[in-house]
Amino acid sequence: MTDGSLRPAAASQNASVYVETEYAFTDRFSAAFGVAYVFSRYSSKDPPPPIFPFLPGDKCRCWNSEWQDFGFTARYNVLGGGRRSYSVTPSVSLGVPTHDYAFRGEAVVGKNLKEAAIAVDAGKRLDLISRRLSVQGRYSYTIVDKVLDIPNNRSNISLEPGLVMTKKLYVRALLTWQRVHGGLRLGAPGSALLPPGEINTPERLVQSDRLRRANYFHAGTGVSYSLSRVDLFASYIAYVNGTDTHAGRAFSLGVSLPFEWHPGAKRH
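All figures in this text were calculated on a predicted structure; none of them were measured in a lab.

Caption draft 1: Just the environment of S235, in detail. As for its placement among the helices and strands, S235 is situated in strand β11 (residues 231–243). Spatially, the C-alpha atom of S235 lies 14 Å from that of S256, the residues being 21 residues apart in sequence. Excluding its chain neighbours within four sequence positions, the residues that come into contact with S235 are L174, T221, G222, A250, F251 and S252.

Spelled out as structure tokens, the structure:
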């Protein structure tokens, strides 16, 4: 709710597969292209709150799946990198829906909105303490398509302290914040802003999943392990607090496969 309290309602489950290819044009500049396929279902035994009526995709409590968004990112390392103990890398990214998919309800794959983001990643090895310790952070500002002429851009900050356990094993803590610059508040019982808060017209109700002011703080941990030809990674992150957002947790598993491609090279 808007006051930060939790209401055990409208539970859902989501799973996704994200495939991305990144190409390094130089040792500083790279570009990546990816696409997500998402599975989602409404899993609560209870109906959703009265202001959010059952929708066909939620009512069956079955899995719905389809392609979600294309993603494109370009990065350029401006400071450090290589063998240096620090690195600063700005980036720009775009997100575009693959098609006109449904966005209302819990059992949907996304918000069906175009987005553009500007971000800066920075990292530093903490040699004064230990060469095994490092910290990296990221700030991004995302510009989101306006709906009903209501701004809903957002800032995201992440912080990842990490420790090299062995030459192949790396563990890190994960801290992430989100703040929405605009959006709609749902309200809270006993507060000055009672439900349904600013979701107070039929048009806003239809668009509420796109427009809620979802602020949150999440925390978790991650691990990476390098093999001879592939890198494996896993993470767990959970809700700590927030307003007008969902509480939950997420597990991620991934594989990174580096390779070299020389399109102009000749075979002998």
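Caption draft 2: The pattern of salt bridges, seen in detail. Taken as a whole, this structure holds 10 salt bridges when the rule is applied. With its nearest N and O atoms 2.6 Å apart, the salt bridge here joins R138 to D121. Note that R138 is positioned in strand β7 (residues 133–144) and D121 in strand β6 (residues 115–125), a separation of 17 residues in sequence. The class of R138 is partly exposed, set by a relative accessible area of 31%. On the accessibility criterion, D121 (25% relative accessible area) is partly exposed. Several salt bridges share partner residues, and in doing so they unite R125, D127 and R131 into one network.

Caption draft 3: Examining a nonpolar patch on the surface more closely. On the surface, Y23, F25, L257, F259 and W261 cluster together into a nonpolar patch covering about 610 Å² of accessible area. Positionally, Y23 belongs in strand β1 (residues 12–24).

Caption draft 4: Structural view of unusual backbone geometry. Of note, the amide linkage connecting P195 to P196 takes the cis form, showing an omega dihedral of 10 degrees. Mapped onto the secondary structure, P196 falls in the loop between β9 (169–182) and α2 (202–206).

Caption draft 5: Layout of the state of the cysteines. In total, this model carries one disulfide according to the counting rule given. For C60, the disulfide goes to C62, at an S-S distance of 2.0 Å. Classification of the bridge connecting C60 and C62 rests on its S-S torsion, roughly -65 degrees, and on that basis the disulfide is left-handed.

How each quantity is defined
Residues numbered from 1 in each chain as written. Predicted model: local features only at pLDDT ≥ 70, side-chain atom pairs only at ≥ 80, totals over all residues. Heavy atoms only, no water. Helix = DSSP H or I, 4+ residues; strand = E, 2+ residues; numbered from the N terminus. Contact = heavy atoms within 4.5 Å. Salt bridge = Lys/Arg side-chain N within 4 Å of Asp/Glu carboxyl O. Buried < 20%, exposed > 50% of the residue type's maximum accessible area, 1.4 Å probe, protein only. Patch = residues over 30% accessible without salt bridge, like charges linked within 9 Å, V, L, I, M, F, W, Y side chains within 5 Å. Areas by Shrake-Rupley, 256 points an atom, 1.4 Å probe, with all protein chains shown as cover. Disulfide = S-S within 2.5 Å.

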